[in-house]
Amino acid sequence: MFNWLQLEVQGSSVMARRALKLASLAAATSGIYLYGNKFLDPNDFGVVRVGRAIATTAVITYDYLTSLRSVPYGSEEYDFLKSQVHLRSAERLRELCCANRGTFIKVGQHLGALDYLLPEEYTRTLKVLHSQAPQSTRQEIEQVIREDLGKEIKELFMSFEDTPLGAASLAQVHKAVLQDGRTVAVKIQHPKVQAQSSKDILLMEVLLLVVKQIFPDFEFMWLVEEAKKNLPLELDFLNEGRNAEKVAHMLRNFDFLKVPRIYWELSTRRVLLMEFMEGGQVNDRAYMERNGIDVNEISRNLGKLYSEMIFVNGFVHCDPHPGNVLVKKCPASGKAHIILLDHGLYQVLSESFRMDYCRLWQALIKADMKRVQKYSRRLGAGDLYPLFACMLTARSWESVNRGIDRSPVSASEDVEIRSNAAAYLPQITQLLNNVPRQMLLLLKTNDLLRGIESALHTRASASSFLNMSRCCIRAVSTYQRSKSHSLYRRVQISLTEGLSLWQINLYELFLWLKGSRLGNWVIALLSWMHHSTY
């Protein structure tokens, strides 16, 4: 099978020269195209910005083409050198993202979140982009507020903290107090992001097409397609406000979930005012232990939230990195709350996709390989369904066959999965190019959630699979009832649903007894009674 990192000794220098020629051609043609279409604004998209992206792409391409040419493919030396090339390339990509900011950082953060889908050298290096986002100056912030709200900061706020609570690729958030005394969080978009985003995406598209000419199995155009679709939505803060209200209403039965209230009278497409909420990051186990918060309860409740969003509602918050999910213990009730922030990026799942995804996860939990194959193929995996199952679960194929709820993830299995991300990169990128676009953000969301579970040491717990099973059963049953015109059939579906949920509850009770002191005492008593009989 063709591997884009497997280099032939002959012709590598020719390919290297071809890479540089194509990069130069890309620079010329993209420059002409941008000028011709009036995309180029010297103030924010000059030759330095474009040249930096082209030069970085050319250097990375040249490194891959030449560094491994004299080393036998598959040898230990080859694997070591390949890892070094990955690391150098990831560092160059990180430097490019930090220099060009905006959309580049956003795309880099997306890549950094794909823990079990990309080589570890890339994900580990690009993760730091979450803490290296640019900050707008006070003057730039004042300009955006003046243009969008028609007033100065001192007219709107009693106090306004100059230092942002957090800065991201597209915006930053400040704590402020309104004239009526309400404490609010003010999210303000970086002033040049709107103008640069479409140009940045166009530049990335041209460069990726050039790279694909050199490495035909390089299938990363899905990344540009996702950015084209999602960035305009993320740059519209009114859309973010509507998403926040929708998810708060949708999940209103979860009393542990808190979503900041939106103040619409002072919100625009570039400024979003919301209720101020604070807490520790969801992956901060030490914070939870200091504040008496049950780590297992937080992990379990986070799983409930996302199972409900994905399987039942088909409306999914797709950026659950730790800075967007906070936890706090309520002083009055003593309950731990999960605070969900940053509602700019949501994925809406079609009914047919959601049902196939539900049934696939049911098959994965039951280790029903025939149905795993069937629903993986229906979701576009084709003959790569074993790899697809491993990507979804972040488990080895052996664990998938045995049952992903049978045993926790071992350290050796985690290393194996991460190593496979590098070894099967061409196949993984092919899969990402073939699956429905709805799947891409779900895979990113899965990896972010797994990262949180790993930090809390709660990964692959039995309770998380039980919650998923409940939501899948409810979702499939609701769908079946909606398609049935027979009262008898609807009653039958409801009875089957009730029985299945009861079985899960019974199994959960068994697991609780097994792990509790009372359960151990009962088991010991029964064992003693059994031996006494004989």
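Residues numbered from 1 in each chain as written. Predicted model: local features only at pLDDT ≥ 70, side-chain atom pairs only at ≥ 80, totals over all residues. Heavy atoms only, no water.

### Observations regarding unusual backbone geometry
Argument step 1. A positive phi angle, near 60 degrees, is found at Arg101, a position not held by glycine.
Argument step 2. A residue is classified by how much of its surface remains accessible, and Arg101, at 37% relative accessible area, is partly exposed.
Argument step 3. Even without a glycine there, the phi angle at Ala367 is positive, about 55 degrees.
Argument step 4. Within the element layout of this structure, Ala367 appears in the loop between helix 13 (351-366) and helix 14 (369-378). (Buried < 20%, exposed > 50% of the residue type's maximum accessible area, 1.4 Å probe, protein only. Helix = DSSP H or I, 4+ residues; strand = E, 2+ residues; numbered from the N terminus.)

### Digging into the packing of helix 18 (residues 425-434) against helix 19 (residues 437-456)
Argument step 1. Put simply, helix 18 and helix 19 touch, their axes get as near as 7 Å, and they point 125 degrees apart. The pairing of helix 18 with helix 19 is recorded here as oblique in orientation. Taken together, the residues of helix 19 that come into contact with helix 18 (itself represented by Leu432, Asn433 and Asn434) are Arg437, Leu440 and Leu443.
Argument step 2. Classifying every residue of the contact of helix 18 with helix 19 by side-chain character gives three nonpolar, two polar and one charged. (Axes fitted to C-alpha atoms, helices over the stretch in contact; angles between N-to-C directions. Parallel < 35°, antiparallel > 145°, perpendicular 65-115°, else oblique. Contact = heavy atoms within 4.5 Å. Nonpolar A, V, L, I, M, F, W, Y, C, P; charged D, E, K, R; others polar.)

### Observations concerning the sheet that holds strand 5 (residues 257-258)
Pairing between the strands of a sheet is mediated by backbone hydrogen bonds and can be parallel or antiparallel.
Argument step 1. Judged by pairing direction, the sheet is mixed, and its four strands sit side by side in the order 5-10-9-7 without closing on themselves. The sheet is open, and its two edges are formed by strand 5 and strand 7 (280-281), each paired on a single side.
Argument step 2. Where helix 12 (residues 295-313) meets the sheet, it contacts strand 5, strand 9 (325-329) and strand 10 (336-340), and its direction lies at approximately 45 degrees from that of strand 10. (Pairing = 2+ DSSP bridges.)

### Description of the confidence of the model for the protein
Argument step 1. Taken residue by residue, the protein gives an average pLDDT of 84. The fraction at 70 or more is 86%.
Argument step 2. The low-confidence segment residues 1-16 (pLDDT under 50) makes 33 contacts with residues lying over four places distant or belonging to another chain.
Argument step 3. Confidence drops under pLDDT 50 across residues 30-43; counting only partners more than four residues distant or on other chains, this segment forms 15 contacts. (pLDDT = per-residue confidence, 0-100.)

### A few points about the packing of helix 15 (residues 385-393) against helix 18
Argument step 1. For the pair helix 15 and helix 18, the least separation of the axes is 11 Å and the interaxial angle reads 85 degrees. Accordingly, the angle class assigned to the pair helix 15 and helix 18 is roughly perpendicular. On helix 18, the residues touching Leu387, Phe388 and Met391 of helix 15 are Gln427, Ile428, Leu431 and Leu432.
Argument step 2. By residue class, the composition of the contact of helix 15 with helix 18 is six nonpolar, one polar and no charged.

### Structural notes on the layout of surface pockets
If a probe the size of a water molecule is rolled over the atoms, the empty space left behind becomes visible.
Argument step 1. Roughly 1100 Å³ of volume is contained in the largest pocket.
Argument step 2. When contributions to the lining of the largest pocket are tallied by element, the ones reaching two or more residues are helix 4 (103-112), strand 2 (166-167), strand 3 (171-178), strand 4 (183-189), helix 10 (237-250), strand 6 (271-275) and helix 19.
Argument step 3. Here the lining of the largest pocket gets five residues from one element, more than from any other, and that element is helix 19.
Argument step 4. Split by residue class, the lining of the largest pocket holds 20 nonpolar, 15 polar and 11 charged.
Argument step 5. Empty space within the second largest pocket amounts to approximately 580 Å³.
Argument step 6. Mapped by element, the contributors of at least two residues to the lining of the second largest pocket are helix 13, helix 20 (462-483) and helix 21 (487-515).
Argument step 7. Within the lining of the second largest pocket, the residues separate by chemical class into nine nonpolar, seven polar and six charged. (1 Å grid on protein atoms, 1.4 Å probe; cavity = no way out; pocket = protein on both sides within 12 Å on 5 of 7 lines; lining within 4 Å. Points joined across faces, edges and corners; volume = space filled by probe spheres on them.)

### Looking at helix 10
Argument step 1. For helix 10, which comprises 14 residues, the first-to-last C-alpha distance of 20 Å matches the rise-based estimate of 20 Å (1.5 Å per residue) to within 8%.
Argument step 2. Among all positions in helix 10, only Phe237, Asn239, Glu240, Gly241, Asn243, Ala244, Val247 and Met250 are buried.
Argument step 3. In this structure Asp236 caps helix 10, since a side-chain oxygen of it lies 3.1 Å from the backbone nitrogen of Leu238. (Expected span 1.5 Å × (residues − 1). Polar contact = N/O pair within 3.5 Å; in protein donor to acceptor, adjacent residues only side chain to side chain.)

### Details of the side chain of Glu121
Argument step 1. Relative to the helices and strands, Glu121 resides in helix 5 (residues 120-126).
Argument step 2. Despite its burial, Glu121 pairs with no opposite charge, the nearest such side chain being Arg124 at 5.8 Å.
Argument step 3. When near neighbours in sequence (up to four residues on either side) are disregarded, Glu121 contacts Ser83, His86, Leu87 and Ala90. (Lys, Arg positive; Asp, Glu negative; His and termini not counted. Salt bridge = Lys/Arg side-chain N within 4 Å of Asp/Glu carboxyl O.)

### Side note on the packing of aromatic side chains
Argument step 1. With the rule as written, the count across this model stands at seven aromatic pairs.
Argument step 2. Both rings, one in Phe157 and one in Phe160, keep their centres 5.5 Å apart while their planes meet at 45 degrees; by these two values the pair is tilted. Just as Phe157 is buried, Phe160 falls in that class too.
Argument step 3. With a centroid separation of 4.4 Å and an interplanar angle of 20 degrees, the aromatic rings of Phe315 and Tyr346 are classed as stacked. Here the residue Phe315 occupies a position in strand 8 (residues 315-317), and Tyr346 occupies one in strand 11 (residues 346-348), the gap between them amounting to 31 residues. Grouping residues by exposure puts Phe315 and Tyr346 together as buried. (Phe/Tyr/Trp six-rings, centres within 6.5 Å; stacked < 30°, edge-to-face > 60°.)

### Quick notes on the nonpolar core
Argument step 1. Core analysis: the biggest nonpolar cluster contains 119 residues, and Leu305, Tyr357 and Trp361 have the highest contact counts within it.
Argument step 2. Of the residues forming this core, the biggest block, nine residues, is contributed by helix 13.
Argument step 3. Apart from residues lying up to four places away in sequence, Leu305 is in contact with Leu251, Phe254, Phe256, Leu257 and Ile338.
Argument step 4. Within the second largest apolar cluster, 17 residues are counted, among which are Ile141, Val186, Tyr263 and Leu273. (Core = buried A, V, L, I, M, F, W, Y, C linked by side-chain atoms within 4.5 Å.)

### Brief notes about the side chain of Thr268
Argument step 1. Following the sequence through the fold, Thr268 ends up in the loop between strand 5 and strand 6.
Argument step 2. At a separation of 3.2 Å, a polar atom in the side chain of Thr268 contacts the main-chain amide nitrogen of Arg270.

### Observations concerning the pairing of strand 6
Argument step 1. Burial analysis of strand 6 places four of its five residues in the buried class, which makes it a mostly covered element.
Argument step 2. Pairing between strand 4 and strand 6: five bridges, direction antiparallel. In the strand pairing of strand 6, Val186 is matched with Leu273.

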